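# A closer look at the structure
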Protein chains: 2
Amino acid sequence: MIIKSALLTDLYELTMMQGYHHEGMHRRAVFDMFFRRQPFGGGFSVFAGLADLLEALETIRFLPEELEYLAGLGLFRPEFLDYLASFRFSGDIWAVPEGTLVFPQEPLVRVHATMLEAQLIESLLLNVLNYQTLVATKTARIYLASRGGSIAEFGLRRAQGPDGAMSASRAAYIGGASATSNTLAGMRFAIPVTGTMAHSWVMAFENEEEAFRRYARLYPEQTVLLIDTYDTLGSGIRSAITVGKELQDQGHPVAVRLDSGDIQYLSKAVRKKLDQAGLGDARIAVSNELNEEIIAQLVAAGSPVDMWGVGTQLVTGGSDSALTGVYKMAAKEGPRGTFVPTMKMSDNPEKSTNPGIKQIYRFYGPDDYPLADLIAEEGEDILPGRGYTFYHPAGDYRKTRLDRYERIEPLLTLHMRQGERLGSSPELAGIRQRTMTNLDCLDETYKRIINPHIYKVSLSEQLRRQKDQFFRDL
Amino acid sequence: MIIKSALLTDLYELTMMQGYHHEGMHRRAVFDMFFRRQPFGGGFSVFAGLADLLEALETIRFLPEELEYLAGLGLFRPEFLDYLASFRFSGDIWAVPEGTLVFPQEPLVRVHATMLEAQLIESLLLNVLNYQTLVATKTARIYLASRGGSIAEFGLRRAQGPDGAMSASRAAYIGGASATSNTLAGMRFAIPVTGTMAHSWVMAFENEEEAFRRYARLYPEQTVLLIDTYDTLGSGIRSAITVGKELQDQGHPVAVRLDSGDIQYLSKAVRKKLDQAGLGDARIAVSNELNEEIIAQLVAAGSPVDMWGVGTQLVTGGSDSALTGVYKMAAKEGPRGTFVPTMKMSDNPEKSTNPGIKQIYRFYGPDDYPLADLIAEEGEDILPGRGYTFYHPAGDYRKTRLDRYERIEPLLTLHMRQGERLGSSPELAGIRQRTMTNLDCLDETYKRIINPHIYKVSLSEQLRRQKDQFFRDL
């Protein structure tokens, strides 16, 4: 699905590249991708999209017709277009693995490349990582809200374009969905596919019972009867019970689906009717503009729902429709080949960046419970056994000392060296398992849907001093 | 950009198709695409995405490896897979032209095809039209809020996947953007491309003045200096004035850009400093999480902004991240080849559909001002000169009589016959011009950003009677 064209970039990346080329600035730089606040007011995000990014970086090229188009803009000189004609991404990529729980300010990806290369890939990198991380995070929240329910991603028709749909299916599976309705995504990513029936199926037959029976005969093992086309608690559930008992008599499972009305009221009423009819094993699936807050509320109210079909809110993020990940220069090569930290100030203080080449160190307690993260300079001695001070991310006055922990893990590892991927992409099911394990190990207070506890992320003393020096030099 | 695979569909479309195939139900049906409420609480939407949909419908096929994948799911029989192998879309598509202003309940697209074909394309059709219509509508609101300002779409890095970005650039241009930063979209859709510089460019040089000067030398006609990397009203504007005067002396235009801080305060302060320095012609561009409400407020407060760079909110819709367009069966072929109206009831009353094969008639006053829309049965005599009664869409008690109008225009026209497109796609610039003309002709009260007047859309008496009959038969 990934677009292989290097032209999928903002024009200013190309004009800046030509500038560096023209000035002979082929020095290397280090850029960080990070985000500044958790989406959905949540306590964590689930990192996703890396494999698609690496695939794109390995393969992006400028095609002849694209170079011709650029030449026609009247902005670019022949020698720069020649450079683009032979462009390959040859940088190094450090990143946290997909399925890792991540927090604001942490460098999730570190790009080491010439200024030209690092600049070109900014738009592509942000496009892929921002969206997939948003969707994986939203799905994890929905999964947690369902308290172990089964989540099906039904978002194709509401996703933001065809590829929006494909990326969404992939990221939703990473975040905890069990299946997708998108058949192409099922094939491409080996995600289980699922589906029920539409109202049009029911309307295509003389009556509901006939519509249900015909479907059940064809798909006896996968029948989910949509009961709200005409009258949910009337003809809908009545026909479902008739056909459901036929299925049960033949030893097949049965399920019904609600797609409108008050889910809490209807699911309880339907459960009761199914149980009274001897269909205690029949499962109930629901859909209809669900999100994590609605699901949490329905679960808390004891709604007997077994499967949640989630579309719009899951694949668009709902009211929080973008992860605001950014990509900022952290260091540049100095005259003698050493790297000099750089920093961007800003009139919005929270938009100032953290200078230097950085690593994230995650401190764990017993049973792999993460306790806090320390952002330090790569190469700083972060040694097990020592105590560390963690500052509240929102201010200096509040700090915590961490003396007892089980182990420290550096999260950023090298995924691409000189433009070549190291190792093959992990299986999607394995990435999903990583998310599930990480979520299991995260303290409940960080997983609250609303107003969660804030996980501690701190700069090391050395980085804090470096940043302070920048402000003093201003 | 359009995915040509027929497998980009929800699994249930395929299971239902097999059902119709198995039952020998090759009758034709008519499906409507419509939406139930305006996005963003607005007074209109801008229809977009049709050309991409038609292109996809002409070309979608099941590839051999896709049929193999489907076979492996264990749901599909060989005779149905054979049918899919030779699948071509051979239906008729009626639609309103792109760039038309549209309203809830109106059938924007009418698909006439066999049940199997009509069912397969549901997910694709909704995916393409929902998203592009959302973005075109959002852009039109942003354009109106700017009161004639120039809007640049900067959304690639925040769009929902690579194709989300491509569709967004296309739809934003239709909705009123003047340019895009997405170079690939510029090439594919012939949209003007634009851009400024990133903070990293400024950080790559010893100081801002040098960074600005180097850029200005290379792009003297397109220089927009980003002045907020370190200190907007200090070194930023100072360096911009120095370099701006050099540009001015050489007869070149100059512009500055603000990307953080309080736009109202900073734009006024920057304007003053530019004017005092004799740079009265220098333009000011701004960006930073803008939307139509923020822009309207800044314009009302007299902020001297010439160009607005809008990204995240424009390409994702912001808090309203999906158009909730749906696709519902309106009629099915009866035993004698005539079409019988169908209707879906619902426990949510607003989810009931309008039965029958329908046309939208738009009534115009002087100067092409639209007055109201009437949804009638295709073939009903809607004759100029007669008076019509329009009911308030939210209830029966409030109605208006329309006796005086200049002309009536049916909005749905045939775009595809038996799977073949009629005529070629209009140029994108022409579609954009249609939007602009339509917006010019729409009364101000419908264009208010917040709490707009509700445009009248009514069912014809004949359709109202038909719908009532369905409810009575329940």
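Residues numbered from 1 in each chain as written. Chains lettered and ligands numbered in written order. Predicted model: local features only at pLDDT ≥ 70, side-chain atom pairs only at ≥ 80, totals over all residues. Heavy atoms only, no water.

Going by an unreviewed UniProt entry, chain A carries the name Nicotinate phosphoribosyltransferase and comes from Alkalispirochaeta americana. Of chain A, the UniProt comment under Catalytic activity (unreviewed entry) reads exactly: "5-phospho-alpha-D-ribose 1-diphosphate + nicotinate + ATP + H2O = nicotinate beta-D-ribonucleotide + ADP + phosphate + diphosphate". Regarding chain A, the relevant UniProt record gives this comment under Function (unreviewed entry): "Catalyzes the first step in the biosynthesis of NAD from nicotinic acid, the ATP-dependent synthesis of beta-nicotinate D-ribonucleotide from nicotinate and 5-phospho-D-ribose 1-phosphate." (UniProt positions renumbered as here; feature names shortened; annotations may be inferred.)

Let us look at the sheet that holds strand β7 (residues 179–180) of chain B. Residue and element names in this part refer to chain B. Reading across from one edge, β7-β6-β11-β10-β9-β8 is the order of the six strands in this open sheet, with parallel pairing throughout. With partners counted over all chains shown, the strands left at the sheet margins are β7 and β8 (224–226), one partner each. Relative to strand β10 (residues 283–286), strand β9 (residues 255–258) is paired through four bridges, and the arrangement is parallel. Counted as the bridge partner of A255 is R283 from β10. (Pairing = 2+ DSSP bridges. Helix = DSSP H or I, 4+ residues; strand = E, 2+ residues; numbered from the N terminus.)

Once chain A is rotated about the relating axis by 180° and shifted along it by 0.0 Å, it coincides with chain B to within an RMSD of 0.0 Å. What the rotation and shift describe, once combined, is the action of a two-fold rotation axis. When each C-alpha of chain A is compared by its distance to the rotation axis, A:S319 comes out closest, at 1.9 Å. (Least-squares fit on C-alpha atoms with pLDDT ≥ 70 in both.)

A word on the environment of B:P97. Residues and elements named next belong to chain B. On the secondary structure map, P97 appears in the loop between β3 (92–95) and β4 (101–102). The class of P97 is partly exposed, set by a relative accessible area of 21%. Along the chain, P97 and F47 lie 50 residues apart, while their C-alpha atoms are 7.4 Å from each other. (Buried < 20%, exposed > 50% of the residue type's maximum accessible area, 1.4 Å probe, protein only.)

Residue and element names in this part refer to chain A. An ideal rise of 1.5 Å per residue puts 26 Å on 18 residues; helix α11 (residues 232–249) measures up with 24 Å between its terminal C-alpha atoms. Within the span of α11, buried status applies to T232, G234, G236, I237, S239, A240, I241, V243, G244 and L247. Lining the buried residues of α11 we find α10 (208–218), β8 (224–226), β9 (255–258) and α12 (263–276). In the stretch just after α11, G251 is the one whose phi turns positive, near 80°. (Expected span 1.5 Å × (residues − 1). Contact = heavy atoms within 4.5 Å.)

It is worth spelling out the interface of chain A and chain B at this point. Counting residues at the interface gives 108 residues for chain A, matched by 108 residues for chain B. Carbon and sulfur atoms supply 58% of the area that chain A and chain B bury against each other, a total of about 8700 Å² over both sides. Contact with chain B buries area across many residues of chain A, yet A:R157, A:Q160 and A:M203 alone supply 10% of it, more than any other trio. Applying the counting criterion to the chain A and chain B interface returns eight salt bridges. Class assignment of the residues belonging to the side of chain A that touches chain B gives a composition of 48 nonpolar, 39 polar and 21 charged. (Buried area = accessible area lost by both parts, 1.4 Å probe. Salt bridge = Lys/Arg side-chain N within 4 Å of Asp/Glu carboxyl O. Nonpolar A, V, L, I, M, F, W, Y, C, P; charged D, E, K, R; others polar.)

For B:F363, the position within the fold is in strand β14 (residues 358–364). Considering only alpha carbons, one finds B:F363 and B:T338, 25 residues apart in sequence, at a separation of 30 Å.

Turning our attention to the side chain of A:D92. All names here are of chain A. Assignment of secondary structure puts D92 in strand β3 (residues 92–95). Polar side-chain contacts of D92 include one of 2.8 Å to the backbone nitrogen of Q418. Excluding its chain neighbours within four sequence positions, the residues that come into contact with D92 are R28, R110, V111, H112, L414, M416, R417 and Q418. (Polar contact = N/O pair within 3.5 Å; in protein donor to acceptor, adjacent residues only side chain to side chain.)

Turning next to the UniProt feature "domain: Nicotinate/nicotinamide phosphoribosyltransferase" (unreviewed entry) in chain A. Listed under "domain: Nicotinate/nicotinamide phosphoribosyltransferase" (unreviewed entry) in the UniProt record, and renumbered for this structure, are residues 151–315 of chain A. Across residues 151–315 of chain A, helical content stands at 50% and strand content at 12%; the span's end C-alpha atoms are separated by 13 Å.

When you line up the elements, A:R188 lands in helix α8 (residues 183–189). Along the chain, A:R188 and A:R170 lie 18 residues apart, while their C-alpha atoms are 9.3 Å from each other.

The next thing to look at is the sheet that holds strand β20 (residues 420–421) of chain A. Residue and element names in this part refer to chain A. One open sheet accounts for seven strands, arranged β13-β12-β1-β5-β3-β19-β20; its pairing is antiparallel. In the strand order of this sheet, the two ends are held by β13 (339–341) and β20, each with one partner. By the bridge criterion, three bridges tie β3 to strand β19 (residues 413–417) in an arrangement that is antiparallel. Bridged to I93 within β19 is M416.

Of all hydrophobic cores here, the largest spans 286 residues; its most connected members are A:V111 and B:V111. Shared between two domains, this core holds at least three residues of each, these being domain 1 (11–134 + 331–473) and domain 2 (136–316) of chain B. Beyond its immediate stretch of four places on either side in the chain, A:V111 contacts A:A29, A:V30, A:F31, A:F89, A:D92, A:I93, A:A118, A:I121, A:L125 and A:Y327. (Core = buried A, V, L, I, M, F, W, Y, C linked by side-chain atoms within 4.5 Å. Domains from an automatic or database assignment.)

All names here are of chain B. Residues other than glycine seldom take positive phi values, yet Q105 does so here, at roughly 75°. Tracing the backbone through its elements, the reader meets Q105 in the loop between β4 and β5 (109–114). Note on Q105: relative accessible area 26%, which makes it partly exposed. A positive phi angle is found at N288, which is not glycine, with a value near 120°. Within the secondary structure layout, N288 lies in the loop between β10 and α13 (292–300).

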